[in-house]
Amino acid sequence: MNQLLRKAIYFPITRIILGIGICFGILIGTRNFITKPFFHALVHEKNIAGTVINYISVAILLMSYYYVFRFYEKRKITELSTKKFIKESSGGFLLGFSILSLVILILYALGYYSIINISGFSYLLAPFSVLVLAALIEEVFFRLVIYRILEDWLGTYRALLIISVVFTIPHLLNENVSVLSVLLILIFGFAHGIMYNYTKRLWLPFAFHLGWNFAQPFYGSNLSGTEGDSVIHAKFEGPLLLTGSDFGIEDSIFSIFLLAIISIIFLYLSIRGDKIVKRKI
């Protein structure tokens, strides 16, 4: 292969674009032309069919990432290692869910949160599988592809800065975005980047993301500006600075403060564990 062409193909930006494009293309193509037509024809209950389709999409995305980058970068894909899968996935989910649970507890104690009724747990089927797939897509593309490649190229600190901004930009299109929402999303992007930096595996940031996202509709809050089904129907009544805007409880100052603390902790652990990557250029 021509040396110039080889450099172009393996240039970090090229790897990011091709990696996302190929993996996303495989996911969408398989989902739209194979799994959806097949399971919608086979299973008449849309809720069940949707759940199965979403979890198959999860497997397809993970496999496409694994084989695309194993072939492309000619290396062992350690970021999908199951070495500490149970610990990192269960711990990450509980941490993400617990942070917003603590926010709800504080709001309840202040009299700003009250439960109207509990609708049941049908949310744990198709709606939950949507959260799983959405969190996985974002973590694979933003953390495993963009952040991982940028960190190797530009170093940890520059990569964290860039991924925080890059992660925020598409979320600005969400409904009900406020100034605090933007701050929250910037910190969220940083937090997940440094979590990945600490473990060098997908599971902790993915599970934290899922736990965080699940907690919001579980407690009756909007999720990133979008109103939808929930497990608990609740009423938020109080200062928006504390209860969060229509974006959801995640842009409460309590949520932002706790997420910032988590970010600082993982940054400290990464520095102490000598996991900060230095710039190569």
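Note that the coordinates shown come from a computational prediction; the quantities given were computed from them, not determined experimentally.

Calculation rules
- Residues numbered from 1 in each chain as written.
- Predicted model: local features only at pLDDT ≥ 70, side-chain atom pairs only at ≥ 80, totals over all residues.
- Heavy atoms only, no water.
- Helix = DSSP H or I, 4+ residues; strand = E, 2+ residues; numbered from the N terminus.
- Buried < 20%, exposed > 50% of the residue type's maximum accessible area, 1.4 Å probe, protein only.
- Contact = heavy atoms within 4.5 Å.
- Areas by Shrake-Rupley, 256 points an atom, 1.4 Å probe, with all protein chains shown as cover.
- Phe/Tyr/Trp six-rings, centres within 6.5 Å; stacked < 30°, edge-to-face > 60°.
- Lys NZ or Arg CZ within 6 Å of the ring centre and 35° of its normal.
- Axes fitted to C-alpha atoms, helices over the stretch in contact; angles between N-to-C directions.
- Left-handed = near helix turned anticlockwise from the far one by under 90°.
- Nonpolar A, V, L, I, M, F, W, Y, C, P; charged D, E, K, R; others polar.
- Expected span 1.5 Å × (residues − 1).
- Parallel < 35°, antiparallel > 145°, perpendicular 65-115°, else oblique.

A. Summary view of the overall build of the chain. Counting secondary structure elements, the chain contains ten helices and two strands. Of the regular secondary structure in the chain, the N- to C-terminal order runs α-α-α-α-β-α-α-α-α-β-α-α. Each of the three principal axes of the chain carries a C-alpha extent, and together these read 65 × 50 × 35 Å. A burial count over the chain gives 47% of its 281 residues as buried. Across the chain, every contact between residues at least 6 apart in sequence was considered, and the portion connecting residues at least 24 apart equals 76%. Summed over its atoms, the accessible surface of the chain is roughly 14,100 Å², and 69% of this surface lies on carbon and sulfur atoms.

B. The arrangement of the packing of aromatic side chains in detail. On inspection of all chains with the given rule, the structure shows 23 aromatic pairs. Among the aromatic residues, those joined into a cluster by ring pairs are Phe93, Phe97, Phe128, Phe214, Phe218 and Tyr219. Cation over ring: Arg143 sits above Phe167, and NZ or CZ is 4.8 Å from the ring centre. A cation over an aromatic ring shows up here: Lys275 above the ring of Tyr198, its NZ or CZ 4.2 Å from the ring centre.

C. Highlighting the packing of helix H4 (residues 85-110) against helix H10 (residues 253-272). The contact between H4 and H10 brings their axes to 10 Å, and the two run at 145°. H10 is crossed by H4, and the crossing has right-handed handedness. On H10, the residues touching Leu95, Ile99, Leu100, Leu102, Val103, Ile106, Leu107 and Leu110 of H4 are Phe254, Ser255, Leu258, Ile262 and Phe266. Grouping the constituent residues of the contact of H4 with H10 by class yields twelve nonpolar, one polar and no charged.

D. View of H4. Between its first and last C-alpha, H4 extends 37 Å over 26 residues, near the 38 Å set by a 1.5 Å rise per residue. The set of residues buried in H4 consists of Glu88, Ser89, Gly92, Gly96, Phe97, Ile99, Leu100, Ser101, Val103, Ile104 and Leu107. The secondary structure elements touched by the buried residues of H4 are strand S1 (113-118), helix H7 (179-199), helix H8 (203-218), strand S2 (232-236), helix H9 (240-243) and H10. Looking at the residues trailing H4, positive phi occurs at Gly111, about 85°.

E. Quick look at helix H3 (residues 46-73). The first and last C-alpha atoms of H3 sit 39 Å apart over 28 residues, in line with the 40 Å expected at 1.5 Å per residue. Once H3 ends, the next one or two residues include Lys74, with phi positive near 50°.

F. Representation of the packing of H3 against helix H5 (residues 126-154) within the structure. Across the interface, H3 lies against H5 with an axial gap of 8 Å and an inter-helix angle of 15°. Regarding the angle of H3 to H5, the classification is roughly parallel. Of the two possible hands of crossing, H3 and H5 adopt the one that is left-handed. Class assignment for the residues of the contact of H3 with H5 results in 19 nonpolar, six polar and two charged.

G. Looking closely at the environment of Gly91. In this structure, Gly91 sits in helix H4. A sequence separation of 47 residues divides Gly91 from Glu138, and the C-alpha atoms of the two residues are 19 Å apart.

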